[in-house]
Amino acid sequence: MKGKILKISFDFMLATLSTLMTFFLYFHGHLDNYDEILQQSLLFAGFYAAFSIFFGTHRTVWRYTSSEDLLDILRAASLTVFTFGVWQHFYVPEIVFKPTFAITQAMCLLGIVAGQRLAHRFIHEGLRARREKANASGSPRSRILLVGAGSTADKFIRAANANPHYGYEIVGVVNNDRTLFADRMHGVPILGKGKHLETILNDLRREARAPQRLVFTEIDPATGSADLMDIPVAMLERAEEFGLRLSRLPDITSFREGLEQSDDGGRLNLKPIAIEDLLGRPQAQLDMQAIRSLIAGKRVVVTGAGGSIGSELSRQIIALKPAAMVLLDFSEYNLYELDLTMADLADGVPYRCALCNVRVEEQVRKVFADFKPEIVFHAAALKHVPLVELNASEGVLTNVSGTRIVAEACRDYHVATMVQISTDKAVNPCNVMGATKRLGEAMAQAMDLEAGNGTRFVTVRFGNVLGSSGSVVPLFRKQLEKGGPLTVTHPDICRYFMTIREAVSLVLQASSHALSHPEYRGQILVLDMGAPVKIADVARQMIRLANLRPDIDVKIEYIGLRPGEKMYEELFDDGEEQVRTDSPSILAARSKIMDADLLRRSVANLEDTARKGDDSAVIRLLTTIVPGYTGDPTDGHPEKADLRRKKA
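### Focus: the packing of aromatic side chains
Now for step 1: One pass over the full model with this rule turns up 1 aromatic pair.
Now for step 2: Just above the ring of Phe371 sits the side chain of Arg299; from NZ or CZ to the centre is 4.3 Å.

Written out as structure tokens, the structure reads:
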């Protein structure tokens, strides 16, 4: 309290001084009637003190004066000049000044008060920087080149300049805004565009200022991936040639003043670039209005909610404010982990985590009868190809029987929409997992076209998801932690890749798109995943991101294709027609629909066989039901894959 009174008193003195200065300037130093001038100055200062209290300028810490604080001073000064002028007009009419006097008075007041605040801050920062520099003298500093000249880079440069304990010397900034070329950010030069990175690095090397790190500053909040500023991916793959480590700035909340509490004396630790930052293609543009209209105010069920896709679905859906949610999973641990996350995200949306096995019809129907959902996302599945290949009956019971049970419950309980999550492994399947997922697609297609069925059955198909359980990225991370080698099945094996967040966002968009386009009934919506990527290239990229050299520091070992594994994944079956939609990120697959009655009888026979646990008989039945599936787990091997591709 004492400090605030002192600040108000100090501002009162500054306002008095500003008025005296105004009189001196206005009358060119020829002052008469000093008593009257002093009285006017004190009254004006009283007005300013009142408005400064109103706007809280006395509550700010001067050494941390910000632009918002200066705006408060401007507001207080403007109102002071205006109200004091009105007061003079009505109560002291004999004193008449021209508008130029009020303008001069406002400028003097702002100049003195704001100048005092800024001078205090600059003096404090200068003294602190001098102390920090003395304390940090002799400690090595890593040279870094920033990518992106946005607000995050601005805060980082200011923080690094103010605190030498950050341990970084910023040699320049790469940015694509042409108007910023040759400019400086707090003394750091902006050197050029991302596509000219190689030239910039060569120039810095000649100047003996070659950076040791390339730090990406701009992060897309929707995807969490770094903005590469048009830097060619091929250039990033050559980063080790320039002695560069790739990093990204942490969350903006890390830029706290001084970072005095950190364990390393205030040094800000940079995060490594994630593999999803280097997919080499832009993230898909989303129609958020259509996605919100799909979810907002609806009662939603997610099956397989504890899995990689299901949990991300749950997180994105609850942010869209559904009326209520039920999250189903058969794994107690997965559901427990999801519940902890959802508790922080719910924000008033009622939700419930329920242990439920989609293979048990009574459990599913009880949930539907009690909750009465309007939209169901069916993500529950067994998806690991080698495991399902060895456990064919279990694959059928989850991926086929579970899908049928959920779909029939949706139909019987008048659910408006069921969204079936499918996979590129359902295309020209050469493994049990793919064949069972293709059957799931077929059932959804047939029910979507069934006469008199009010429920829409939407199937969305996409490829591999980076970072999902069982994908190559977590496997490679574990192998890197052990020092390698990284195991790849074949040098030429390719996969489509997408981030979990992007895949789920596009599932939501594709679902809303299907509902607004009745002509897509019975068709499969396919997410546009760009070009396929070689797994060996992903392995090399991850080694580089760990600041190691592929084939030198960490070996890549080729172990051969596993049973049921395909050489090349595809997004469209040989017998499917690829159709462009009016959404650039969504395609449609128009395929021949299986006869609904024949499909039901075949599925019933398959389920009966699977319940007996006869895996061989299950595989034989799958070959008779699923077109193109032969039951031979080597169908995806190089020679057979190439032969089939040539025939196609």
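### Details of the sheet that holds strand E11 (residues 375–378)
Adjacent strands of a sheet form backbone hydrogen bonds with each other and so pair up, either parallel or antiparallel.
Now for step 1: Taken in spatial order, the 9 strands make up an open sheet running E10-E9-E8-E11-E12-E13-E18-E22-E21, and their pairing is mixed. The sheet terminates laterally at strand E10 (351–355) and strand E21 (577–580), the two strands that pair on one side only. The mean angle between the axes of side-by-side strands here comes to 25°, regardless of whether they run parallel or antiparallel.
Now for step 2: Set on the sheet, helix H14 (residues 432–449) makes contact with strand E12 (417–423), strand E13 (456–462) and strand E18 (524–527); between it and E12 the angle comes to about 155°.

### Structural notes on the nonpolar core
Now for step 1: With 49 residues, the main nonpolar core has Leu313, Ile317, Phe377, Phe462, Leu508 and Leu527 as its most contacted residues.
Now for step 2: Here the element with the most residues in this core is helix H16 (residues 500–516); it accounts for 8 residues.
Now for step 3: Ignoring sequence-local partners within four residues, the contact set of Leu313 consists of Phe377, Ala379, Ile421, Val504 and Leu508.

### What about H16?
Now for step 1: In a regular helix each residue adds 1.5 Å, so 17 residues correspond to 24 Å; H16 covers 25 Å between its end C-alpha atoms and thus fits that length.
Now for step 2: Counting buried positions over the 17 residues of H16 gives 14, a clear majority of the element.

### Describing the pairing of strand E9 (residues 324–329)
Now for step 1: Within E9, 6 of the 6 residues are buried, which leaves the element mostly enclosed by the surrounding structure.
Now for step 2: Along E9, one buried face is formed by Ala324, Val326 and Leu328 and the opposite face, lined by Met325, Leu327 and Asp329, is buried too.
Now for step 3: What joins strand E8 (residues 299–303) to E9 is helix H9 (residues 308–319), and the crossover it makes is right-handed.
Now for step 4: Of the pairings in the sheet, the one linking E9 to E10 comprises 5 bridges and is parallel in character. Note that in E10 the partner of Leu327 across the bridge is Cys353.
Now for step 5: Crossover handedness for the path E9 to helix H10 (residues 332–345) to E10: right-handed.

### Remarks on helix H11 (residues 361–371)
Now for step 1: The complete set of buried residues in H11 reads Val364, Val367, Phe368 and Phe371. Viewed along the axis of H11, the buried residues span an arc of 95°, placing them on a single side of the element. Opposite the packed face of H11, turned more than 90 degrees from it, sit the exposed residues Glu362 and Lys366.
Now for step 2: Among the structural elements, E8, E9, E11 and helix H13 (392–412) are those in contact with the buried residues of H11.
Now for step 3: Phi turns positive one or two residues past the end of H11, at Lys372, with a value near 55°.

### Structural notes on the confidence of the model for the protein chain
Now for step 1: Across the protein chain, pLDDT averages 80, with 80% of residues at or above 70.
Now for step 2: The least confident element of the protein chain is helix H20 (residues 638–647), whose mean pLDDT is 53; the most confident is E8, at 97.
Now for step 3: Within the model, the stretch residues 252–267 combines pLDDT values under 50 with 28 contacts to residues more than four positions away or in other chains.

### Examining the packing of H11 against H13
Now for step 1: The interhelical angle for the contact between H11 and H13, taken along N-to-C directions, is 35°, at an axis separation of 10 Å. The two elements H11 and H13 meet at a crossing, and its hand is right-handed. Residues Glu361, Val364, Arg365 and Phe368 of H11 form the contact with H13, whose participating residues are Ile405, Val406, Glu408, Ala409, Cys410 and Asp412.
Now for step 2: Class assignment for the residues of the contact of H11 with H13 results in 6 nonpolar, no polar and 4 charged.

### Considering unusual backbone geometry
Phi is mostly negative for residues that are not glycine, and the peptide bonds are mostly trans.
Now for step 1: A cis amide bond, omega 0°, links Gly484 with the succeeding residue Pro485.
Now for step 2: With respect to the helices and strands, the residue Pro485 is situated in the loop between helix H15 (472–481) and strand E15 (486–488).
Now for step 3: Located in the positive-phi region is Ala208, a residue other than glycine, with phi close to 60°.
Now for step 4: On the secondary structure map, Ala208 appears in the loop between helix H6 (197–206) and strand E5 (213–216).
Now for step 5: Taking the relative accessible area as the measure of exposure, Ala208 reaches 61% and is therefore exposed.

### Focus on the pattern of salt bridges
Now for step 1: Counted under the stated rule, the structure contains 31 salt bridges.
Now for step 2: In this structure, Arg461 and Glu576 form a salt bridge, with 3.0 Å as the shortest nitrogen-oxygen distance. Taken together, the residues span a long stretch of sequence, with Arg461 in strand E13 and Glu576 in the loop between strand E20 (556–558) and E21 at a distance of 115 residues. Like Arg461, the residue Glu576 is buried in the burial classification.
Now for step 3: Two residues, Glu569 and Lys566, come together in a salt bridge whose shortest N-O distance is 3.9 Å. For the pair Glu569 and Lys566, a shared accessibility class is recorded, and that class is buried.
Now for step 4: Through salt bridges with shared partners, a single ionic network connects Asp424, Lys425, Arg495, Lys566, Glu569 and Glu570.

### Comments concerning the packing of H15 against helix H17 (residues 535–545)
Packed helix pairs are characterised by how far apart their axes lie and by the angle those axes make with each other.
Now for step 1: The N-to-C vectors of H15 and H17 enclose an angle of 45°; their axes lie 11 Å apart at closest approach. When the axes of H15 and H17 are compared, the pair comes out oblique. Remark: the crossing between H15 and H17 carries right-handed chirality. Residues Val472, Val473, Phe476, Arg477 and Leu480 of H15 form the contact with H17, whose participating residues are Ile535, Val538, Ala539, Met542 and Ile543.
Now for step 2: Looking at the contact of H15 with H17 residue by residue, the classes come out as 9 nonpolar, no polar and 1 charged.

The rules behind these values
- Residues numbered from 1 in each chain as written.
- Predicted model: local features only at pLDDT ≥ 70, side-chain atom pairs only at ≥ 80, totals over all residues.
- Heavy atoms only, no water.
- Phe/Tyr/Trp six-rings, centres within 6.5 Å; stacked < 30°, edge-to-face > 60°.
- Lys NZ or Arg CZ within 6 Å of the ring centre and 35° of its normal.
- Pairing = 2+ DSSP bridges.
- Helix = DSSP H or I, 4+ residues; strand = E, 2+ residues; numbered from the N terminus.
- Axes fitted to C-alpha atoms, helices over the stretch in contact; angles between N-to-C directions.
- Contact = heavy atoms within 4.5 Å.
- Core = buried A, V, L, I, M, F, W, Y, C linked by side-chain atoms within 4.5 Å.
- Buried < 20%, exposed > 50% of the residue type's maximum accessible area, 1.4 Å probe, protein only.
- Expected span 1.5 Å × (residues − 1).
- Right-handed = clockwise from strand over helix to strand, strands pointing away.
- Arc of directions from axis to C-beta.
- pLDDT = per-residue confidence, 0-100.
- Left-handed = near helix turned anticlockwise from the far one by under 90°.
- Nonpolar A, V, L, I, M, F, W, Y, C, P; charged D, E, K, R; others polar.
- Salt bridge = Lys/Arg side-chain N within 4 Å of Asp/Glu carboxyl O.
- Parallel < 35°, antiparallel > 145°, perpendicular 65-115°, else oblique.

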